[in-house]
Every structure is written in structure tokens, then in C-alpha cells.
Amino acid sequence: MPLPLIRLSVSPTNGTAHHGVMLGTEPLTVCATHSTDFAPIGGNTAHSVCQSCTRAFLILTTPPHPGGEPDLRPAVGTGKGATAHRPVPGHLMGYCGKSLDPRPTSARRTCANCTALVAALDRFHRLAGEVRVPIAEVCPREEDVLWAPAGRGNLVTGHRRDAATGIALCGTLLSAPNPDATVECAPCRRPWKTERDRRAKELTRMRARAHSWHQRRELTIFQGRAADLNSGDAYTVSGCMDRHHVLTVTHPARGRRATTLAYVPADDEIVELGLHHNRLLAIERPHVLEAGMPALP
């Protein structure tokens, strides 16, 4: 039976968490970090997560981009002959964490940090065998998630997050999602209801936009990252066949996720979606709004 991929740490409550498995009583991490004190921990803890393990988790769980991808790409801002990086499947990001250019590379020299994570994953697969990994959320929805306050002092009350600021609608600083919250913050409730009402009013406009999308003649179609999205774009992402019509997009200043309000025709609703800012997308961008097409606010 395949071993489940779990979180491991030397402390049950804080410190750095790693992804890995337990081979009997022996811990094995995907990044090759070793300690005999590693033990399984829960999924919602205050641990920071090893960055190499975070990228390895994406490698193990992200569906590859349709049509395939180059084995190697150059980093953003470098030439085709600069050091080559191995891209994480479905992302314009190297195994080393650097943002990558959409074009392939002609370089012969490969990034040492990318090579190190490739070797660590090869070792992990060789020792662990087949591993049961969580099902990846291709289009993770964020509007129904309650968040814990910074410091995690009150985990009973959950807050609604403002995607534009990263803080709660009531002004509280937040730390992480809190799915175990049993009470919704009352000051967050009123602005959240106002936001949901606004989305309901925009639904008819976005539904008409999506219905007429096939009539567009002047579209720029390109492979780009989530950080490239603009309001009015449509995009598809690996692992999901739906076209997403972007109403608004918030680009993170410090975080690693772009938050989009998008109309999804298959669900016939406007939803809030989170995307890694380097997620590789097939983007469709109209040159101009055609006559009769509803304009975005």
C-alpha cells in the first residue's frame, strides 16, 4: 500500500515543517533534510514550511501544462544562453524557486539548486516507492474560508479576508486559514454580505460576456503566469477544462498568490480563486471590447 505524504517536524507546535513519509519509525523528507527527531504533525499548525518541500509538493501534485513544457527554461531577465532551470510542472518557476521565462533555453549549464532538488526527489522516490499524495486544488476557492487572527489567540472566531489587503474585513491582522472556527466574526459579516451582493449584481453581466466570448475575432492568446492577468482576460489552467473570465484580479505585494474574481460558466457563478503568482496559464486577452459586449466595471 502506498505511504501517505505527511508533514514532519522536530516540534509538535512550531518550527519548520517538512513534507515526507514515515518508513516504519524512520522519517524521510522530500528535500533530504534528516533528523531522527522528526515526527508527524497536523495539517493546521503554526509551523513555517521548508521552501524546498513547498516546491517539491507542487512538483508532486500539479498537473502538467497541456501540450507539454520545455525541460529547461531561462530565469526571468536573463538571456537564452544563461543558466538553465528545471520548471515545476504547470508553473513558470524553477525547482530552485526562481521565476522563469516562458521561452525555452539554449544553455548547457543547469542550475545547481534545481539539480539538488531533482536528486533529493529521485532519492525520495527510490526509498519511499509509490507515495499517496493529496489531491491538488487546481482552482482553490477562497471566499468560504474563515481565517485565524495573527498570534492565533482566538481560534473559535473566524474572520473574512480582504484579498486586496490581506487583512480581515474588520481590520484584524490574519495568520492562516482556520477551517475549525465555529463562529464568524460579526464586524466581518456586514461587509462580506455587501461584497456577495455586489458579485450577484455582476453575474448577469459576466454571464453575457462569457456567452459571447466565442464571437471575438481579435484576441491575443499567450502562455503567461497568474501575475500577468488583467481584468477582462480569460484563462485556462492545467487540470481544469473550464475557461475563467476575470472580473477583477489582486496581485500580491508580499504574498505568493494572485486572487481573482472570475466567472466560471460551468458553475454559472462568480467565485474568488487563489493562484500561485507563477502558475502557468493559457491567457486570452481581447484587443478591444467588441460592440455589444458588456464592459467590465
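Preceding this paragraph is the structure being described.
Residues numbered from 1 in each chain as written. Predicted model: local features only at pLDDT ≥ 70, side-chain atom pairs only at ≥ 80, totals over all residues. Heavy atoms only, no water.

### What to know about the overall build of the protein
Across its full length, the protein carries 3 helices and 19 strands. Relative to the 2.2 N^0.38 estimate, which gives 19 Å for 297 residues, the radius of gyration of the protein is 21 Å and therefore close to what a compact globule would have. Across the protein, the fraction of contacts at a sequence separation of at least 24, relative to all contacts at a separation of at least 6, is 62%. By element, 53% of the accessible surface of the protein is carried by carbon and sulfur atoms, the whole surface being about 15300 Å². Charge-centre separation for the protein: the mean point of 35 positive side chains lies 5 Å from the mean point of 27 negative side chains. (Helix = DSSP H or I, 4+ residues; strand = E, 2+ residues; numbered from the N terminus. Rg over C-alpha atoms; globule rule 2.2 N^0.38 Å. Contact = heavy atoms within 4.5 Å. Areas by Shrake-Rupley, 256 points an atom, 1.4 Å probe, with all protein chains shown as cover. Lys, Arg positive; Asp, Glu negative; His and termini not counted. Charge placed at Lys NZ, Arg CZ, Asp CG, Glu CD.)

### Looking at the side chain of His91
Structurally, His91 can be placed in the loop between β8 (84-85) and α2 (112-128). Owing to a relative accessible area of 2%, His91 belongs among the buried residues under this scheme. A polar atom in the side chain of His91 sits 2.9 Å from the backbone oxygen of Pro89. Every residue in contact with His91, bar those within four places of it in the chain, is listed here: Leu58, Thr62, Glu69, His276, Asn278, Arg279 and Leu280. (Buried < 20%, exposed > 50% of the residue type's maximum accessible area, 1.4 Å probe, protein only. Polar contact = N/O pair within 3.5 Å; in protein donor to acceptor, adjacent residues only side chain to side chain.)

### Structural notes on the nonpolar core
Soluble globular proteins: nonpolar side chains tend toward being buried together. Val30, Tyr95, Leu117, Leu121 and Phe124 are the most contacted members of the largest nonpolar core, which has 22 residues in total. Contributions of two or more residues to this core are made by α1 (51-61) and α2. Broken down by element, the residue count for this core peaks at 6 residues, all from α2. Beyond its immediate stretch of four places on either side in the chain, Val30 contacts Leu5, His19, Gly20, Cys53, Ala56, Leu60, Leu117, Ala120, Leu121 and Phe124. Counting 17 residues, the second largest nonpolar core, distinct from the first, contains Cys139, Leu229, Tyr235 and Cys240. (Core = buried A, V, L, I, M, F, W, Y, C linked by side-chain atoms within 4.5 Å.)

### Describing the pairing of strand β3 (residues 16-23)
Counting buried residues in β3 gives 6 out of 8 residues, a clear majority hidden from the surface. Summarising the sheet, strand β2 (residues 6-9) and β3 pair through 3 bridges and their orientation is antiparallel. Considered in β3, the bridge of Arg7 is made with His19. Between β2 and β3, which pair antiparallel in sequence order, lie 6 residues; one of them, Gly15, sits at a positive phi of approximately 100°. Where β3 and strand β6 (residues 48-49) come together, 2 bridges link them in parallel fashion. Within β6, the position partnered with Ala17 by the bridge is Val49. Linking β3 back to strand β4 (residues 26-29) in an antiparallel pair, the connection comprises 2 residues, with Gly24 at a positive phi of about 70°. (Pairing = 2+ DSSP bridges.)

### Some thoughts on the sheet that holds strand β14 (residues 219-225)
Strands pair in a sheet through their backbones, by hydrogen bonds, and they do so in one of two ways: parallel or antiparallel. Strand order in the open sheet made by the 6 strands is β14-β19-β15-β16-β17-β18, with antiparallel pairing throughout. Two strands in the sheet have a free side with no partner beyond their single neighbour: β14 and β18 (269-276). Going across the sheet, the axis of each strand differs from the next one's by a mean of 35°, ignoring polarity. Note: strand β16 (residues 240-250) against strand β17 (residues 257-264), 5 bridges, orientation antiparallel. Across the sheet, the residue bridging to His245 is Tyr263, located in β17. (Axes fitted to C-alpha atoms, helices over the stretch in contact; angles between N-to-C directions.)

### Some details on the pattern of salt bridges
Any two side chains of opposite charge can pair if their charged atoms end up close together. If you walk through the whole model with that rule in mind, you get 10 salt bridges. Here Arg103 and Asp101 are joined by a salt bridge, their closest N and O atoms 3.4 Å apart. With its nearest N and O atoms 2.8 Å apart, the salt bridge here joins Asp268 to Arg207. Here Asp268, found in the loop between β17 and β18, pairs with Arg207, found in helix α3 (residues 186-211); they are 61 residues apart in sequence, far enough to count as distant. For Asp268, a relative accessible area of 34% translates into the label partly exposed. On the basis of relative accessible area, Arg207 is assigned to the partly exposed category, the value being 33%. Three or more residues are tied together by salt bridges with common partners; here these are Glu195, Arg198, Arg199 and Glu272. (Salt bridge = Lys/Arg side-chain N within 4 Å of Asp/Glu carboxyl O.)

### Here we look at unusual backbone geometry
Positive phi, close to 75°, is recorded for Ala32, a residue that is not glycine. Structurally, Ala32 can be placed in the loop between β4 and β5 (39-41).

### Focus: the state of the cysteines
A complete count under the given rule lists 0 disulfides for this structure. Left without a disulfide partner, Cys170 is nearest to the cysteine sulfur of Cys188, which lies 3.7 Å away. Note on Cys185: no disulfide assigned, nearest cysteine sulfur contributed by Cys188 at a separation of 3.6 Å. (Disulfide = S-S within 2.5 Å.)

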